[in-house]
Amino acid sequence: MENPKFPLHLCHVHKLSNFINRTHILVHSIALAFLFYYRASFFFQHPNTKATTLPWLLVFASEILLAFEWLLSQSFRWRTVSRTVFPERLPENDKLPAIDVLICTADPEKEPTVMVMNTVLSAMAMDYPPEKLHVYLSDDGCAAVTLNGMREAWRFAKWWLPFCRRYGIKCTAPEAYFSAGGGGDGYEDGDSGGSEFVQEKEHIKEAYEVFKKRVTENARIEDARSNMRRDHSAVMEVIQETSSEGDDAIQTNEAKNMPLLVYVSREKRPSHPHHFKAGALNVLLRVSGVISNSPYILGLDCDMYCNDASSARQAMCFHLDPKISPSLAFVQFPHKFHNISTNDIYDSQLRSIFMLLWQGYDGLGGPCVCGTGYYIKRVSLCGSSISEDGDAMKLRQCFGPSNQFVKSLRQINKPDHMFIQRNNAQLNESPLLATCAYEDGTKWGEVAMVEDYFTGFHLHCKGWISVFCDPKRPQFLGSGTTKLDEFLVQGTRWSSGFVEVAISKFSPLIYGPFKTHTFLQSMCYAEIALFPIFYFLTLWCFAVIPQVCLLNSIPLYPEISNTYFIVFSFVFLSSLSKHLYEVLATGSTFQHWVNEQRIWMMKSVTCHLYGSVDAFLKKLGMREASFLPTNKVDDVEQLKLYNMGVFDFQTSLQFLAPMVALVILNMASFAVGIARGIFVGELDKMFIQIFIAFYVIVMNYPIIEGMLIRKDKGSIPLSVTLLSALFSLIVYFLGSIIFM
Ligand SMILES: O=c1ccn([C@@H]2O[C@H](COP(=O)(O)OP(=O)(O)O[C@H]3O[C@H](CO)[C@@H](O)[C@H](O)[C@H]3O)[C@@H](O)[C@H]2O)c(=O)[nH]1
Ligand SMILES: [Mn+2]
């Protein structure tokens, strides 16, 4: 910073892969143009009957939609970049800005308190001046076990933090640290202190066991207060030794070299919508505003701990770079997970998002907020429109009735705000800030289900940029969903959230194009908002129409002898091989490519369908918003199946029926198609349709196995198979009636 010869970070443009991507876009587009020409000319050349026109039109429409989706998704491949940081070049500790860490938890049964406290402890123990760290936990469960857990965590932190500091521990979450035993890179994390280290480690480990025992014992005592979760007033506590006066706590903490630790459970009333995580974050934003008001905020989910103590310093390499800092809103680290198996049948690691797409996003102005693992500038969230002498009435209309909060907002726009730490700590108005009526009639209301994506989009439309930082060592590790059921429920929630934005007045295709940093960046946003709709529509079509037509001997594609057969084959092979190339280039295996193809089909016919429908129903006011947090408690049996790479089909009929029915339909049409091909000689005419059915069957073999071969608990129950068979029979008859 002081010496411009040594930048704090570097950006590398991936020239070779960008060249490959752009070439592929060109070639693939040309092939698509031929394909469309073939489809369009059909309607002029052939004497059309109903049997061919309607299915042809539907297939053509699906091809257009899928091609459009493909085109949007190429924005991510246009200019991929990656970043390197040099935290050792940062200024001295006393020149570093303060950080508020905001952590959310919602349900002590699905989110075990020990896990939540590991996240809290890992944030407290980051390699950053403790007087500049403030950790806030929002507890939407309003559970005594969580509050007690915080007190226990504070006690244990007095051991844990000095230990981490003395030995430079990287993984600052105790559970992960003690269970891994190593730093993952060949030597033990922190092992430079010899026998003294070993001894102390043993000692701390014992203290950790005691801590864990006390927290879990509390959990058992916890009564069934679940109905209380929806109806209670705000609870807030600054965690400290004994007394409960906030201001003292701050001084005591500073003296003890401990970050500030605050528990917040906002008020909830059944009559008030609480907006789930977005609502919780808004409360934390206000409460932290009047207590510590740090210029930077680290957002974390309760299941995502710090795996590298240096993440704050890495993020500061961007935030403190005078060249980009004025327009930089946030630095996003990827989601990585500690529980991914080698086979990863459900693609729980979200490979393409964080290993590929986000690098492309980054090259265009930055990725969206991803809900966890981001360092965001407070001003970007609520300060940009505030000036020192702004009209107080107006500010209160915008930000609500708290004078202290309005005062805190004024402060963040002052140039020296970076270095104001905790000196304005005031707790008396903070309960007001956590009431559910606080936001009534203010500008706080605009929150979405996928609060992260929406926030990112808004910031980028206001001219901010962001940065994606993906260092070799994962900075944060979370728990990925390793159960099919959870995975599909989560996928449905995400789809619903994205489509909700897609059909709102903020639809990226309309609202974004000339507001974001680059045009292509808003195409990325559009792709994310729209892909559920595109995929569910097209995949349902491709899984039903060619098959029903095959059963009825209606050809939809060129014969093998037709030149256009080559065009169709090329488009198919070009997209599959590009996907395979991307999977292999990001270090994954052929098997993982198969997994991604399969899970894409499965999610498209279930999650994306239900999510889109859910969003439309919400829009029509026929459904209430809901946010089911994913379950983070490991089920031993289920985990065994996941680790063995075996599908666990213990999920609702709603999810199973479409998948099973479509596989049955494809099996039937394949069998009939082959038989006709051989005995009636239709192979030439029907080849592509037979092949589509074949491809669906091969890719979804685990479903067939679950249906016909497996007999264990995770297999598909016979009743579901029969019901789905009935369903596919109905689809067949309906299709035949419509097309004939
Ligand atoms: O009413 C609620 C519901 C959830 N949460 C918290 O939100 C976080 C994310 O919930 P989780 O069940 O883990 O959902 P995921 O699908 O795993 O979360 C992903 O998707 C969310 C959007 O749907 C993002 O906010 C997350 O950051 C992203 O990791 C957790 O810390 C929850 O405790 C709340 O605070 N209040
Ligand atoms: Mn999660």
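Residues numbered from 1 in each chain as written. Chains lettered and ligands numbered in written order. Predicted model: local features only at pLDDT ≥ 70, side-chain atom pairs only at ≥ 80, totals over all residues. Heavy atoms only, no water.

Core analysis: the biggest nonpolar cluster contains 172 residues, and Ile99, Val101, Val120, Met124, Trp160, Trp358 and Tyr375 have the highest contact counts within it. A total of 22 residues in this core trace back to one element, the largest contributor, which is helix α18 (residues 519-551). Each of domain 1 (15-78 + 497-739) and domain 2 (100-181 + 197-240 + 255-345 + 370-381 + 459-480) gives at least three residues to this core. Non-local contacts of tryptophan 358, meaning those with residues more than four positions away in its chain, are made with Phe76, Ile353, Pro367, Cys368, Cys370, Phe468 and Ile528. The next biggest cluster of nonpolar side chains, apart from the first, holds 35 residues, and it includes Val262, Tyr374, Phe405 and Tyr438. (Core = buried A, V, L, I, M, F, W, Y, C linked by side-chain atoms within 4.5 Å. Buried < 20%, exposed > 50% of the residue type's maximum accessible area, 1.4 Å probe, protein only. Helix = DSSP H or I, 4+ residues; strand = E, 2+ residues; numbered from the N terminus. Domains from an automatic or database assignment. Contact = heavy atoms within 4.5 Å.)

A separate point is the state of the cysteines. In total, this model carries zero disulfides according to the counting rule given. Cysteine 370 takes part in no disulfide bond, and the closest cysteine sulfur, belonging to cysteine 368, lies 4.7 Å away. Distance from the sulfur of cysteine 461, which forms no disulfide, to the nearest cysteine sulfur (cysteine 368) is 12 Å. Overall, the relative accessible area of 11% leaves cysteine 461 in the buried class. (Disulfide = S-S within 2.5 Å.)

In this model, helix α23 (residues 653-679) (27 residues) spans 38 Å end to end at C-alpha, consistent with the 39 Å of a helix rising 1.5 Å per residue. The positive-phi residue at the C-terminal boundary of α23 is glycine 681, with phi of around 80°. (Expected span 1.5 Å × (residues − 1).)

Attention now goes to the domain arrangement of the protein chain. Partitioning the protein chain into structural domains gives domain 1 (15-78 + 497-739) and domain 2 (100-181 + 197-240 + 255-345 + 370-381 + 459-480). Computed from C-alpha coordinates alone, the two centres of domain 1 and domain 2 are separated by 38 Å. When the two sides are added together, the surface that domain 1 and domain 2 hide from each other amounts to roughly 1,900 Å², 59% of it contributed by carbon and sulfur. Here domain 1 and domain 2 share one salt bridge between them. Between glutamate 111 and lysine 632 there is a salt bridge, with the nearest N and O atoms lying 2.7 Å from each other. For the pair domain 1 and domain 2, the interface holds eight residue pairs in polar contact (both at pLDDT 80 or more). Counting residues per element, the ones that place at least two in the side of domain 1 that touches domain 2 are α18, α20 (590-605) and α22 (636-644). (Buried area = accessible area lost by both parts, 1.4 Å probe. Salt bridge = Lys/Arg side-chain N within 4 Å of Asp/Glu carboxyl O. Polar contact = N/O pair within 3.5 Å; in protein donor to acceptor, adjacent residues only side chain to side chain.)

A few words on the confidence of the model for the protein chain. Atomic detail in the predicted coordinates should be set aside for any region of low pLDDT. Put simply, the protein chain has an average pLDDT of 90, and 90% of its residues get 70 or more. Scored by ipTM, the complex comes to 0.98, with pTM at 0.93. (pLDDT = per-residue confidence, 0-100.)

With that settled, the discussion passes to the site of ligand 1. Taken together, 23 residues lie near ligand 1, and Asp140, Lys277, Glu451, Gln490 and Thr630 sit nearest. For ligand 1, an oxygen atom lies 3.3 Å from a polar atom in the backbone of glycine 371. If ligand 1 stood free it would expose 690 Å²; the protein chains cover 95% of that surface. Those elements giving two or more residues to the shell around ligand 1 turn out to be β3 (99-105), α8 (276-291), α15 (451-461) and α16 (484-502). It is α16 that contributes the most residues to the shell around ligand 1, three residues altogether. Looking at side-chain class alone, the shell around ligand 1 contains eight nonpolar, six polar and nine charged residues. In terms of domain composition, the shell around ligand 1 takes at least three residues from each of domain 1 (15-78 + 497-739) and domain 2 (100-181 + 197-240 + 255-345 + 370-381 + 459-480). (Near = heavy atom within 4 Å. Areas by Shrake-Rupley, 256 points an atom, 1.4 Å probe, with all protein chains shown as cover. Nonpolar A, V, L, I, M, F, W, Y, C, P; charged D, E, K, R; others polar.)

Think of it this way: side chains of opposite charge can pair up when their charged atoms draw near. Per the counting criterion, the structure on display carries 27 salt bridges. Residue aspartate 100 pairs with arginine 378 through a salt bridge whose shortest N-O separation is 2.6 Å. You can see aspartate 100 sitting in strand β3 and its partner arginine 378 sitting in helix α11 (residues 378-382), a full 278 residues away along the chain. Between arginine 155 and glutamate 152 there is a salt bridge, with its nearest N and O atoms 3.6 Å apart.

Following the UniProt record, one finds the feature "active site" (unreviewed entry) at Asp140 and Asp452. Position of aspartate 140 among the secondary structure elements: in the loop between β4 (133-139) and α4 (144-167). Discounting chain neighbours no more than four positions away, the residues touching aspartate 140 are Thr105, Ala106, Arg229, Arg266, Lys268, Phe276 and Ala280. Within the structure, aspartate 140 has its side chain in polar contact with the side chain of arginine 266 (distance 2.8 Å). (UniProt positions renumbered as here; feature names shortened; annotations may be inferred.)

The positions that UniProt labels "binding site: Mn(2+)" (unreviewed entry) are, in the present scheme, Lys277 and Asp301. A compact arrangement is adopted by the annotated residues: their sequence extent is 25 residues, whereas the largest C-alpha distance between any two is 9.6 Å. Examined against the element boundaries, lysine 277 turns out to sit in helix α8. Overall, lysine 277 belongs to the buried group, its relative accessible area being 13%. When sequence neighbours within four positions are dropped, the list of residues in contact with lysine 277 reads Cys104, Asp301, Gly371, Glu451 and Phe627. Within polar-contact distance, the side chain of lysine 277 engages the side chain of aspartate 301 at 2.8 Å. As for its placement among the helices and strands, aspartate 301 is situated in strand β7 (residues 296-301). If we ignore the near neighbours within four places in the chain, the residues touching aspartate 301 are Ile103, Cys104, Thr119, Lys277, Gly371 and Thr372.

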